[in-house]
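Chain residues, written in single-letter form:
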Amino acid sequence: MATDDRTTVKTYVPRYQKEKWTEHADKLEMSQSEFVRTMVQAGRCDFDVPSIDSRVVDADESPESNDDDFRERILALLDREDVLDWDELIEHLIDDIEDDVDAALGQLQDDNLVRYSGREGGYIRTSNE
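These remarks concern the structure in this document. (Residues numbered from 1 in each chain as written. Predicted model: local features only at pLDDT ≥ 70, side-chain atom pairs only at ≥ 80, totals over all residues. Heavy atoms only, no water.)

1. Considering the overall build of the protein chain
Alright, step 1. When you go through the protein chain residue by residue, the secondary structure sums to four helices and two strands.
Alright, step 2. The linear arrangement of helices and strands in the protein chain, starting from the amino end, is α-α-α-α-β-β.
Alright, step 3. Taking all 129 residues of the protein chain together, the buried fraction comes to 18%.
Alright, step 4. A total of about 10,300 Å² of accessible surface is found on the protein chain, and carbon and sulfur atoms cover 47% of it. (Helix = DSSP H or I, 4+ residues; strand = E, 2+ residues; numbered from the N terminus. Buried < 20%, exposed > 50% of the residue type's maximum accessible area, 1.4 Å probe, protein only. Areas by Shrake-Rupley, 256 points an atom, 1.4 Å probe, with all protein chains shown as cover.)

Structure below.
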């Protein structure tokens, strides 16, 4: 199997656990998918996991909207990288979004809610068929 082949892993956890994982992922400036992959590997391989430090927003400060969350992500990136030009900033933000979209589409396909249609040239809802 090629190293760039991807597959979906699906799990069900209690809501409180997902909330804790989400909070921890946010502190580490990771997408949820990246966080779960990292934690599983950390448990298997005993490798370094990025540390939580003062560059990360305090967990008690929950953003009031997606706009605030997005602003915090940008600030956290700039704190971590010091200087990013426009393209570098976009690249970092897109990487997180691509992982999230990939995971969500995989789950939607597993749940048979969407499928890829070559004829239509993209993803479609299975309920529209």
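More follows now that the structure is in view.
2. A short note on the pairing of strand β1 (residues 114-117)
Alright, step 1. The sheet contact formed by β1 and strand β2 (residues 122-125) spans four bridges and is antiparallel. Looking at β2, one finds that V114 is bridged to R125.
Alright, step 2. In this structure, the hairpin formed by β1 and β2 is closed by a connection of four residues, where G121 is found at a positive phi of approximately 80 degrees. (Pairing = 2+ DSSP bridges.)

3. With respect to a nonpolar patch on the surface
Alright, step 1. Taken together, the side chains of V13, W21, V36 and V40 define a hydrophobic patch exposed on the protein surface, amounting to about 270 Å² of accessible area.
Alright, step 2. Note that W21 resides in helix α1 (residues 15-27). (Patch = residues over 30% accessible without salt bridge, like charges linked within 9 Å, V, L, I, M, F, W, Y side chains within 5 Å. Salt bridge = Lys/Arg side-chain N within 4 Å of Asp/Glu carboxyl O.)

4. Describing α1
Residue pairs spaced three or four apart in an α-helix point in one direction, given the helix's 3.6 residues per turn.
Alright, step 1. When the terminal C-alpha atoms of α1 are compared, their 18 Å separation across 13 residues agrees well with the 18 Å that a helix rising 1.5 Å per residue should span.
Alright, step 2. E29, located one to two residues past α1, shows a positive phi value of around 60 degrees. (Expected span 1.5 Å × (residues − 1).)

5. Overview of the packing of aromatic side chains
Alright, step 1. All chains considered together, the criterion is met by one aromatic pair.
Alright, step 2. Residues Y116 and Y123 carry aromatic rings whose centres are separated by 5.3 Å and whose planes lie at 75 degrees to one another, so their mutual orientation is edge-to-face.
Alright, step 3. On the accessibility criterion, Y116 (49% relative accessible area) is partly exposed. (Phe/Tyr/Trp six-rings, centres within 6.5 Å; stacked < 30°, edge-to-face > 60°.)

6. Looking at helix α4 (residues 86-110)
Alright, step 1. The end-to-end C-alpha distance of α4 is 36 Å, a good match for the 36 Å that 25 residues give at a rise of 1.5 Å each.
Alright, step 2. Among all positions of α4, only L89, L93, D96, D99 and G106 are buried.
Alright, step 3. One side-chain oxygen of the residue at the start of α4 lies 3.1 Å from the amide nitrogen of D87, identifying that residue as D85. (Polar contact = N/O pair within 3.5 Å; in protein donor to acceptor, adjacent residues only side chain to side chain.)

7. Regarding a negative patch on the surface
Alright, step 1. On the surface, D85, D87, E88, E91, D95 and E98 cluster together to form a negatively charged patch.
Alright, step 2. Judged by its relative accessible area of 48%, E98 is partly exposed. (Lys, Arg positive; Asp, Glu negative; His and termini not counted. Charge placed at Lys NZ, Arg CZ, Asp CG, Glu CD.)

8. Observations regarding the side chain of T126
Alright, step 1. Secondary-structure assignment places T126 in the segment after β2.
Alright, step 2. Looking at T126, its side chain comes within polar contact range of the main-chain oxygen of N112, at 2.6 Å.

9. Digging into unusual backbone geometry
Alright, step 1. The phi angle at E29 is positive, at roughly 60 degrees, despite the residue not being glycine.
Alright, step 2. Structurally, E29 is set in the loop between α1 and α2 (32-45).
Alright, step 3. In this model, D82 sits at a positive phi of 70 degrees, which is unusual for a non-glycine residue.
Alright, step 4. Residue position: D82 is located in the loop between α3 (66-81) and α4.

Everything listed here is a matter of coordinates, which is why it stays silent on function.
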